[in-house]
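Residue-level structural notes
Given next are the chains, with one letter for each unit.
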Amino acid sequence: MRNPLLKCLIFPIAGLLVSIPLKSQISISAFIDAGENNVSRGPYVKTSILGDIQFSGSTLEAGSVANIRYSGHKIISGASLSFGHQFYIKKFSLEVAGFYLANPFSDLIHESDWGILLKSGQKHFQYMAGFAFRTYKITREAMNKYDIEANTSLHENWNLVYQLGYSVKPANNKWNIGLSVTNFDHFLINQETNPMIYISGHYKISSELTLFSEAWYKNAGAFNLYANYFGFFIRTGMIWKLNLKK
């Protein structure tokens, strides 16, 4: 299978279906992003869905994002797959996760990222750090069209991935508001010097259903001498949880 996006969609779905233990928790997140940036040629709207299974301290997650309104012609613009396991060092919680992202953003070039993350948190703070390996690959269509025979891919190794977040209430509170700085989103990894800042809030309607909203701001070169505006978007969605028991 030559298309990395198809791999990332088919294999995660198959894995989610065959690996559901008799006792586990399933979460489904669905949300819409609406915003604009310097390359979107006007406002854009995207919709995403993420599904994960939690069992025995492990989490398997897969998702995809689709363009509803965008200047590009790609409908499915990204997919993700991750697997993590949580363990404790005394009372300190730590999760180790591996991930793969596929971003076929054009017919000429596809991007893929894979890496490893360490996640942790305290009562009000959340931390994440890790490394990612990015590949830009010229598609077979572009190779045939422009007679390209060599240097069809470009690799970026050991890209830093990070997140630092603060929330007003503890994580399990019925409602919460938080502020985070990161270069990682569900289907995107920015350069280290281009962090994104977002304000988030959620409200638990019940133990199964949670509504949430986020406001994201993107700039270019925040750690350089000058930082420029790049874009913003608003994210709104819901999380539905289902417990499976023996």
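Computed from a prediction, not measured in an experiment: that's the story for all the values here.

Section: the environment of E111
Considering the arrangement of structural elements, one finds E111 in strand 6 (residues 109-121). On the basis of relative accessible area, E111 is assigned to the buried category, the value being 11%. If sequence neighbours within four positions are ignored, E111 has contacts with L101, A102, N103, F105, R134, T135 and Y136. For E111, the side chain forms a polar contact with the side chain of R134, separated by 2.9 Å.

Here we look at the pairing of strand 13 (residues 209-220)
Pairing geometry for strand 12 (residues 196-204) and strand 13, over nine bridges, is antiparallel. When the bridges of strand 13 are listed, K204 appears paired with T210. Between strand 12 and the antiparallel strand that follows it, strand 13, lie four residues.

Overview of the packing of aromatic side chains
Note on aromatic pairs: each is described by the distance of the centres and the angle between the planes. One pass over the full model with this rule turns up nine aromatic pairs. On the numbers, 4.6 Å between centres and 20° between planes, the contact of W114 with F133 is stacked. In this pair, W114 sits in strand 6 while F133 sits in strand 7 (residues 125-138), placing the two residues 19 residues apart along the sequence. Here F133 and W158 contribute two aromatic rings whose centre-to-centre distance is 4.8 Å and whose plane-to-plane angle is 65°, an arrangement assigned as edge-to-face.

Examining the pattern of salt bridges
All told, the structure shown has six salt bridges when counted by the stated rule. In this structure, the salt-bridge partner of R134 is D113, at a minimum N-O distance of 3.1 Å. Taken together, the residues R134 in strand 7 and D113 in strand 6 connect sequence positions 21 residues apart. Classification of D113 as buried rests on a relative accessible area of 1%. Across the salt bridge formed by R235 and E214, the nearest N and O atoms sit 3.4 Å from each other. Here R235, found in strand 14 (residues 228-244), pairs with E214, found in strand 13; they are 21 residues apart in sequence, far enough to count as distant. You can call E214 buried: its relative accessible area is 15%. One salt-bridge network, in which partners are shared between bridges, spans D33, D185, E214 and R235.

About the criteria used
- Residues numbered from 1 in each chain as written.
- Predicted model: local features only at pLDDT ≥ 70, side-chain atom pairs only at ≥ 80, totals over all residues.
- Heavy atoms only, no water.
- Helix = DSSP H or I, 4+ residues; strand = E, 2+ residues; numbered from the N terminus.
- Buried < 20%, exposed > 50% of the residue type's maximum accessible area, 1.4 Å probe, protein only.
- Contact = heavy atoms within 4.5 Å.
- Polar contact = N/O pair within 3.5 Å; in protein donor to acceptor, adjacent residues only side chain to side chain.
- Pairing = 2+ DSSP bridges.
- Phe/Tyr/Trp six-rings, centres within 6.5 Å; stacked < 30°, edge-to-face > 60°.
- Salt bridge = Lys/Arg side-chain N within 4 Å of Asp/Glu carboxyl O.

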